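Architecture and fold: a report
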Amino acid sequence: MSVLAPTQIDDILAQVKKKAFEETANEPEPKLTGEVKWPVTAEIGRGLENAVTNETKVGYVNGAKGWLNYRGYDVFNLSQFSTFEETSYALLFGAMPTAQQLKEFNEKLAANRKIPAKIIEIMKMYPITETHPMISLSIGVSLLSTFDRTTETLTVEAETEVAIKLIAQMATLAAAVARIRSGKEPIEPDKDLSHAANFLYMLNGKKPDKGAERVMDICLVLHADHGMNASTFATMVTNSTLSDMYSSIVTGIGTLKGPLHGGANEQVVYQLEEIGNLDNVEPWYRASREAKKKVMGFGHRVYKSYDPRARILGPLVDIFTADPEIKRLYDIANKLNELVCAELGKEKKIFPNVDFYSGLVYKAMGIEIPMFSVIFAVSRISGWGGRVLEYLKDNRLFRPRAVYTGPMLAEYVPIEKR
Ligand SMILES: CC(C)(COP(=O)(O)OP(=O)(O)OC[C@H]1O[C@@H](n2cnc3c(N)ncnc32)[C@H](O)[C@@H]1OP(=O)(O)O)[C@@H](O)C(=O)NCCC(=O)NCCS
C-alpha cells in the first residue's frame, strides 16, 4: 500500500474545502437552528421526517449547502487540522481541549485501550466467522459492561467515564474481531501510538506509516457525529429510559448495522464489484432504475446536496489508485457518480453520501468488507457519547405516539370457535 505524505493529504483537503465552499455559497441558509420554544410545530412525514427530538450544541448538518459541523467547527477544517482524539474530546466535553486537557484525555484513552482477556476467550468460543462483525462488536460492548461496575450508578460523571472507555476500547474490540475472524491472534494496543495508528496496528500487526495513519484518522473524524441520524436517535432513546451507556451504545451499533444506514458502505463495494467494469456502469444503472432499486451510497434524508464527507473521501481513494483493483473500482464508482448526479441529482437532489467512497478507502487499506460498518461504529461512539451525555443533563423519556388504524373493541372469540 503506498500512501502520500500527510502534508500532501492536507493539500488535497484544502482544495476540497475551497471547492465545496465556492460551489455551495449561494445555497439556502440553514434551518432548525437557534432558540427553541417547546412545544414545536412541525409537519412530520413517515419515518419521523422533520420531527424535532431535542436542542443540541453537539453538531449540525446543513442539508441544503452540504456542510457539517461538530461544536461549530466544520468537518473540512476538522479533517484538515484536528485529530480523532481532539474531535472526540470536543464532542464529549463541549469545547476543543487545551494542550493539557488533550494530554490527559490521550493518557486516559491509552490506559483504557486494553480489553479483558476473557472477552477474547469468549470471542473464540462462538462461530465468529459466520457472525456479522457488528454483532460481534455489540457482544463485545455488552461483555465490557459486565467488567465495569460504573453501570450501577447512572450519573453524567459516571457515564462520561464509560464513554471515554468505550472510545478507547471499541477500536480494540473491532481489531480483535477482525483478527479472530481471519484466524489470527489479537494484538494488544501500543501505548505510544495514536488512536488511528493503534487501530491499524491492532488490525494488521504492523505499525502504519504516517500517511496511512492520517487517512484512517480523517475517516474517524469524518464519521464521528452526524446530527439526529437513526443510530444516534436509537442510542438516545435507550439512554432516555435511564438504562446505561453500554446498553445505549449496543442499541446504536444494532441500528447502524442496517444497509440503509452505516451498512451501506459494505453494500457499495459489493455493488461496484457486481458492476464489474466501466462498460457495464450505464447498463447496470439503467437496469437498477428500471427495477426501481436504490443505488447504494446515494441519497440522504437531510442532505439535498453533495455530502461533504463524500467530497473528502472520494479524493482519498485516489491516493490508492496505484493498486489496479482499487483503480478499477474507483473508475467504476466515479462513472456511476457522474450518472447518478446528472440524473437523480437533478430530478430528486440525490447525491453521493458518506458511504459511497468510504468502503473503497478501507478496502484500499486491506480491510475486509464486513468490517466497514464496524469502523463507522468505532468512530461514531464519540458522537453517540456526546449526544447521550448532553441529553442526560436534562433528560426526558422519548415516547412518541403511533396512529392506530386497527379495530376498536373487537369481540374475543374462544380459540376453538375461530
Ligand atoms: C438514505 C435513504 C435511506 C434516505 O431515505 P429517505 O429519506 O427515506 O428517502 P426515500 O427512500 O423516501 O427516497 C425519496 C425518493 O428518492 C429516491 N431515492 C432515495 N435514495 C435513492 C437511491 N439511493 N437510489 C435511487 N433512488 C433513491 C426514492 O426512490 C424516492 O423516490 P420517489 O419519491 O420517486 O419514490 C435513501 O436515500 C437510501 O436508501 N439510500 C441508499 C442507502 C444508503 O446509501 N444509505 C446510507 C445513508 S448515509
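The structure this text deals with has already been given above.
Our subject in this report is the structure included herewith. None of these values were measured; they are calculated from a predicted model. (Residues numbered from 1 in each chain as written. Predicted model: local features only at pLDDT ≥ 70, side-chain atom pairs only at ≥ 80, totals over all residues. Heavy atoms only, no water.)

As judged from the four bridges shared by strand S1 (residues 59-62) and strand S2 (residues 67-70), these two strands associate in the antiparallel manner. Paired with Asn62 across the bridge in S2 is Trp67. In sequence, S1 turns back onto S2 through a hairpin of four residues, with Gly66 there showing a positive phi of about 75 degrees. (Pairing = 2+ DSSP bridges. Helix = DSSP H or I, 4+ residues; strand = E, 2+ residues; numbered from the N terminus.)

Together, Tyr404, Met408 and Leu409 make up an exposed nonpolar region whose accessible area comes to about 450 Å². Looking at the element boundaries, Met408 is found in the segment after helix H17 (372-392). A relative accessible area of 65% means that Met408 is categorised as exposed. (Patch = residues over 30% accessible without salt bridge, like charges linked within 9 Å, V, L, I, M, F, W, Y side chains within 5 Å. Areas by Shrake-Rupley, 256 points an atom, 1.4 Å probe, with all protein chains shown as cover. Salt bridge = Lys/Arg side-chain N within 4 Å of Asp/Glu carboxyl O. Buried < 20%, exposed > 50% of the residue type's maximum accessible area, 1.4 Å probe, protein only.)

Looking at the secondary structure, you find Gly205 in the loop between helix H8 (195-204) and helix H9 (210-222). Sequence separation between Gly205 and Glu188 is 17 residues, and the spatial gap between their C-alpha atoms is 9.5 Å.

The side-chain alternation of S2 yields one buried face, formed by Leu68 and Tyr70, and one unburied face, formed by Trp67 and Asn69. Note: S2 against strand S3 (residues 73-74), two bridges, orientation antiparallel. Along S3, the bridge assignment pairs Tyr70 with Tyr73. Turn length for the S2-S3 hairpin, with the two strands adjacent in sequence and antiparallel, is two residues, and the turn residue Arg71 shows positive phi of about 50 degrees.

To continue, consider the pattern of salt bridges. Enumeration over the complete set of coordinates arrives at 22 salt bridges. With a closest N to O distance of 2.8 Å, Arg387 and Asp225 form a salt bridge. Of the two residues, Arg387 sits in helix H17 while Asp225 sits in the loop between H9 and helix H10 (230-240), which places them 162 residues apart along the sequence. On the basis of relative accessible area, Arg387 is assigned to the buried category, the value being 3%. A relative accessible area of 0% means that Asp225 is categorised as buried. One salt bridge in this structure joins Glu273 and Lys363, with 3.5 Å as the shortest N-O distance. Of this pair, Glu273 sits in helix H12 (residues 264-275) while Lys363 is found in helix H16 (residues 355-364), placing the two residues 90 residues apart along the sequence. For Glu273, a relative accessible area of 31% translates into the label partly exposed. We classify Lys363 as partly exposed; its relative accessible area is 23%. The structure contains a network of salt bridges with shared partners spanning Glu282, Arg286, Arg289, Glu343 and Glu347.

Further remarks concern the packing of aromatic side chains. According to the stated counting rule, one finds 11 aromatic pairs in the structure shown. Measuring from centroid to centroid gives 4.7 Å for Tyr391 and Phe398, while their planes differ by 10 degrees, and the two rings are stacked. Taken individually, Tyr391 and Phe398 each receive the classification buried, so the pair is uniform in this respect. Pairwise contacts between aromatic rings join Phe298, Tyr330, Phe356 and Tyr357 into one cluster. When the ring centre of Trp67 is taken as origin, the NZ or CZ atom of Lys65, which lies over that ring, is 5.2 Å away. (Phe/Tyr/Trp six-rings, centres within 6.5 Å; stacked < 30°, edge-to-face > 60°. Lys NZ or Arg CZ within 6 Å of the ring centre and 35° of its normal.)

Attention now moves to the site of the ligand. Lining the immediate environment of the ligand, one finds 17 residues, of which Lys294, Val295, Phe298, Arg301 and Lys348 sit closest. Backbone polar atom of Leu260 to a nitrogen atom of the ligand: 3.1 Å apart, as the coordinates give it. At 3.0 Å from an oxygen atom of the ligand is found a side-chain nitrogen or oxygen belonging to Asn353. In isolation the ligand has 860 Å² of accessible area, and contact with the protein removes 67% of it. Partitioning the shell around the ligand into residue classes produces eight nonpolar, five polar and four charged. (Near = heavy atom within 4 Å. Polar contact = N/O pair within 3.5 Å; in protein donor to acceptor, adjacent residues only side chain to side chain. Nonpolar A, V, L, I, M, F, W, Y, C, P; charged D, E, K, R; others polar.)

Turning to helix H14 (residues 308-318), a few remarks are in order. In an α-helix, one full turn covers 3.6 residues, which means residues spaced three or four apart are oriented alike. When you tally the buried positions in H14, you get nine out of 11 residues, the bulk of the element. Within the span of H14, buried status applies to Pro308, Arg309, Ala310, Arg311, Ile312, Leu313, Gly314, Leu316 and Val317.

On to the sheet that holds S1. Within the open sheet, the three strands sit side by side as S1-S2-S3. Their pairing is antiparallel. Of all strands in the sheet, those with a lone pairing partner are S1 and S3, marking the two edges.

A few words now on the nonpolar core. Leu166, Met170, Met216 and Leu336 are the most contacted members of the largest nonpolar core, which has 118 residues in total. With 15 residues, helix H7 (residues 156-181) is the single largest residue contributor to this core. Once you skip the residues sitting within four places of it in the chain, Leu336 turns out to touch Gln271, Leu272, Ile275, Val281, Trp284, Tyr285, Val295, Phe298 and Phe356. (Core = buried A, V, L, I, M, F, W, Y, C linked by side-chain atoms within 4.5 Å. Contact = heavy atoms within 4.5 Å.)

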